[in-house]
Amino acid sequence: MTKKVKYSLRQSETVSPFGPGAITDVSGASLMAPDMTRWNTKHAEEIFCDRLSSKLGGGRLLASPTFSGPLEADVRSLEYSRFPEWRFCERCERMTRKTVVKKGKFANECPCGGALIPMRYVAACQGGSHLQDVPWHLWVHRRRDEDLSEEQRLCRADDQLKFVRRSDRGEGLGSMFVRCMACRQERSLAQLVGKKALAADGFRCLGRQPWRGSAISECEHPLVAKQRGATSNYLPEIVAAIDIPEGQASAERDLERIRTHDAFGLLVQDNGGPLAEMLRTKIAQDLDVPEHMVDEAARTSDEDERPVLGLKDGEWLAFEEKLENGRDEETSGFIVDGRRIPTTPNVPTSVFEVFTHVGQVRRLRLVRSLQGFRRHGQDARMIAADPGEPGRTRRIYPALELFGEGIFLRLDEDRVRQWESRPDVQHRAQTLMQRLGAEGLTDRLDHPEPRFIALHTLAHLLIRRLAYASGYASAALQERIYASTQRGEPMAGILIYTAAGDAQGTLGGLVRLGAEDKLLPLLLAAISDAEVCSNDPVCIESDHQGASNLNLSACHGCSLISETSCENRNVLLDRQLLFGGMDVERGLLQQILDDLRVMASSTP
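The following paragraphs examine the structure supplied in this document.

Definitions and limits used
Residues numbered from 1 in each chain as written. Predicted model: local features only at pLDDT ≥ 70, side-chain atom pairs only at ≥ 80, totals over all residues. Heavy atoms only, no water. Helix = DSSP H or I, 4+ residues; strand = E, 2+ residues; numbered from the N terminus. Contact = heavy atoms within 4.5 Å. Areas by Shrake-Rupley, 256 points an atom, 1.4 Å probe, with all protein chains shown as cover. Buried < 20%, exposed > 50% of the residue type's maximum accessible area, 1.4 Å probe, protein only. Pairing = 2+ DSSP bridges. Polar contact = N/O pair within 3.5 Å; in protein donor to acceptor, adjacent residues only side chain to side chain. Disulfide = S-S within 2.5 Å. Core = buried A, V, L, I, M, F, W, Y, C linked by side-chain atoms within 4.5 Å. Arc of directions from axis to C-beta.

Time to look at the overall build of the chain. A tally of helices and strands in the chain yields 16 helices and 23 strands. Of all intrachain contacts in the chain linking residues separated by at least 6 positions in sequence, the fraction that spans at least 24 positions is 68%. When the accessible surface of the chain is totalled, it reaches about 29,000 Å², and 48% of it is carbon and sulfur.

Encoded structure:
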C-alpha cells in the first residue's frame, strides 16, 4: 500500500489563516483543507465556551488533532487535498496531474527528477464560492483564431502539455505560455485573465469544492481566472469570544434581586392566584422596583428562558465590574486590575475628561472559531465549515483556544454621547452606513455609529504605537471594540490584546504598559503621531479610501494595520472623527490635540 505524504502545520493554522477551504503551501506542495465532514472527531479535543457555542447555535467546538507524545502513531491526521492538481516540472517544464510513487510513498516529483510546482492560476466562481482547476488541456486548444489546423482543433492531448517562458515576448503574462507538444498549439496566459475570458471559451462553474470529486450543485455564476495566492480566494468568517463570567445589565440585576426575594417562590407557586397581587406589591416595595418588573421576573423564572447577552455586551459588563476593584485577586482565566485614571502633572486635563478608566488584563482566555468562508467577494454565498451530515444533529466548528493579556480603556459616556450628537459628526458617519448597506455587509461588520468609527480608528493608532514598546510585532496585537448604543447599556471602550495558543499564554510585555507612568505617554504619542499623515493633505481630505470605499480619512500612512489584527478587515476608519477636518468641526480628541500644541509651544 502506497503511503501518503505527511506534513506538519501549527495547530492554530487549521482555523486561521489555513482553515477548511483555504489553500496552504507546505514544503513546496499546494494543499487545501477539507470541511468538517472529513475530520476524524475521535482524536479531536473538544473546547468548551458556552457563550461562543450559544452564538453559533449550540454547535460543538473542536481543536484539530495534534501529533505529539507516545500515541502519535495512533492519531489520524487531517486529510488535505492537493490543489491545484495541475503542476509543472521546474526542470523539463512538463505539466501533469499525476503523482509519482517513489520508494512506496507518494512524491511531489516529476519522473525526470525535477520538483513539481503548482500552476499559478485557478478558476474561481464569482458568486457561489466554488473553486476548481483551470482545464488547461481544454483551454490551450480553445483558441478562436481561424488559422488553426484541423489537427489542432481536434487535439485533446492532456499528457503532453508544457508550461514555457519565451524570452522573445518580454516580461509578464505575455511571455508565459501553455503549449501542447502533440499539435504545437500554444496560448499565452495573457488570454486567460480577462474578466470574461473563461466564459468566452465556454467554461462553466462545476459547483465543486476541491476536496469533493463530484459537483455539489448546479452553479450559474461565471468563472474567472485568479492567482492561486489571491487573498480573495478565501474570505473566512471568524467568530471569537472572550471566556468570562457573564456580566449583568442593571435591569437584569434587578430581576435577579427579585428572583432571590423570600416571597418570590410563593409568587411563582401561586401563579396568578389570590395571593399574587399582595406578594407582587410586597416584593416591589421591599426592593424599590416597579411591579411590572416583578411580573417579568415571574414569567422568565425558568433559567432556560432568560435572554442570552450578545458576545460583546456580556464582555463589556464583565469589564465594567472589574474597573473599580483595583488589584484583581481572582485565579480564573479572566483577571483584570482596574482603576480610574488619576490626573497627572504635565498631562492635559482634557485627557482625563475623555478617558476615565484603564484595566490591565493580566489574563484572558479567548476562543476563536471558523463559521465558514466565501470566495471571490464578500457578496458571494457563504460555505459552512460544517455542511452537516445525515444523522448528526449538532454542527461541528474548528476552534482554537488562546491565552493572553491586554489593556482595556474606557471612555466617558457623557462626553462621547455629547460629541456624537453633533450634526456634522452624524452626517460623516452616515456616509459609511450608506456604503455598508450598498455593499450588503451590514450583517457582517459592526454598525458604524460615530463612536464606533472613532474608537476603531483610535485602536489602530494605539496598536501602531504599542508595537514599538511592547516587544510584540504589530501583527501579534489585536483589537476588540466596544462601541454601541443599539442594544442594552451603551458601550465606549477599547481592548488591545495579544494571545497565543499555549497554556501559559504570553509574557506580560503588553499588560505592563497599562501602568500609570507608561500608558499616558504612549496614548499621547499615538495621538500626536496621527495628527499628520505622510499622505496629507490628500488623506485627511479624503472620503473615498479602502476596500469598497469603506474608509474615509484613513490610509496605510496613518491608520491601517495588519488585517490579522483588525476585527473589521481594515475598514470603517476615519481620522476626521478623531481630530476634525473639512467635514467635522470638532473631533472626539480635538481638545487633547489642541492642549498638546499649547504645551509644546510654551515649553522653553
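Burial analysis of strand 22 (residues 478-484) places seven of its seven residues in the buried class, which makes it a mostly covered element. What you see with strand 22 is no split at all: Q478, R480, Y482 and S484 on one side and E479, I481 and A483 on the other are buried throughout. Sheet topology note: the strand 22/strand 23 (residues 491-500) ladder contains seven bridges and is antiparallel. Residue pairing for strand 23: R480 is matched across the bridge by L495. Hairpin connection, strand 22 to strand 23: the antiparallel pair is bridged by six residues, and G488 has positive phi, about 60°.

So, on to the sheet that holds strand 16 (residues 223-227). Across the sheet, three strands lie side by side as 12-11-16; this open sheet has antiparallel pairing. Sheet topology places strand 12 (131-132) and strand 16 at the edges, where each strand pairs with a single neighbour. Direction of pairing for strand 11 (residues 121-125) relative to strand 16: antiparallel, over a ladder of five bridges. Residue C125 lies in a different strand from strand 16, and its bridge partner there is L223.

Let's shift gears to the side chain of E420. Along the chain, the position of E420 falls in helix 11 (residues 413-420). Assessed through its relative accessible area of 7%, E420 is described here as buried. Side chain to side chain, E420 and R451 meet in a polar contact 2.7 Å long. Those residues in contact with E420, other than ones at most four positions away along the chain, are V425, Q426, P450, R451 and T485.

According to the stated counting rule, one finds zero disulfides in the structure shown. Its sulfur unpaired, C110 is 3.5 Å from the next cysteine sulfur, which belongs to C112.

Ranked by size, the top nonpolar core spans 61 residues in total, and within it F355, L589 and I592 carry the most contacts. Here the element with the most residues in this core is helix 13 (residues 450-469); it accounts for 10 residues. Excluding residues within four positions of it along the chain, L589 makes contact with V354, F355, L458, I527, L578 and F579. Listed in part, the 41 residues of the second largest apolar core include V15, L366, I383 and M491.

Strand order across the open sheet formed by three strands is 1-2-5, with antiparallel pairing between neighbours. One side of each edge strand has no neighbouring strand; the edge strands of this open sheet are strand 1 (23-26) and strand 5 (81-82).

Note that an α-helix has 3.6 residues per turn; residues three or four places apart therefore point the same way. The set of residues buried in helix 11 consists of E413, V416, W419 and E420. Summarising the axial view, the buried residues of helix 11 lie within an arc of 135°, below the 170-degree limit, and thus occupy one face. Of the residues in helix 11, the exposed ones pointing more than 90 degrees away from the buried face are D414 and Q418. Contact partners of the buried residues in helix 11: strand 21 (396-411), helix 12 (423-438), helix 13, strand 23 and helix 15 (576-579).

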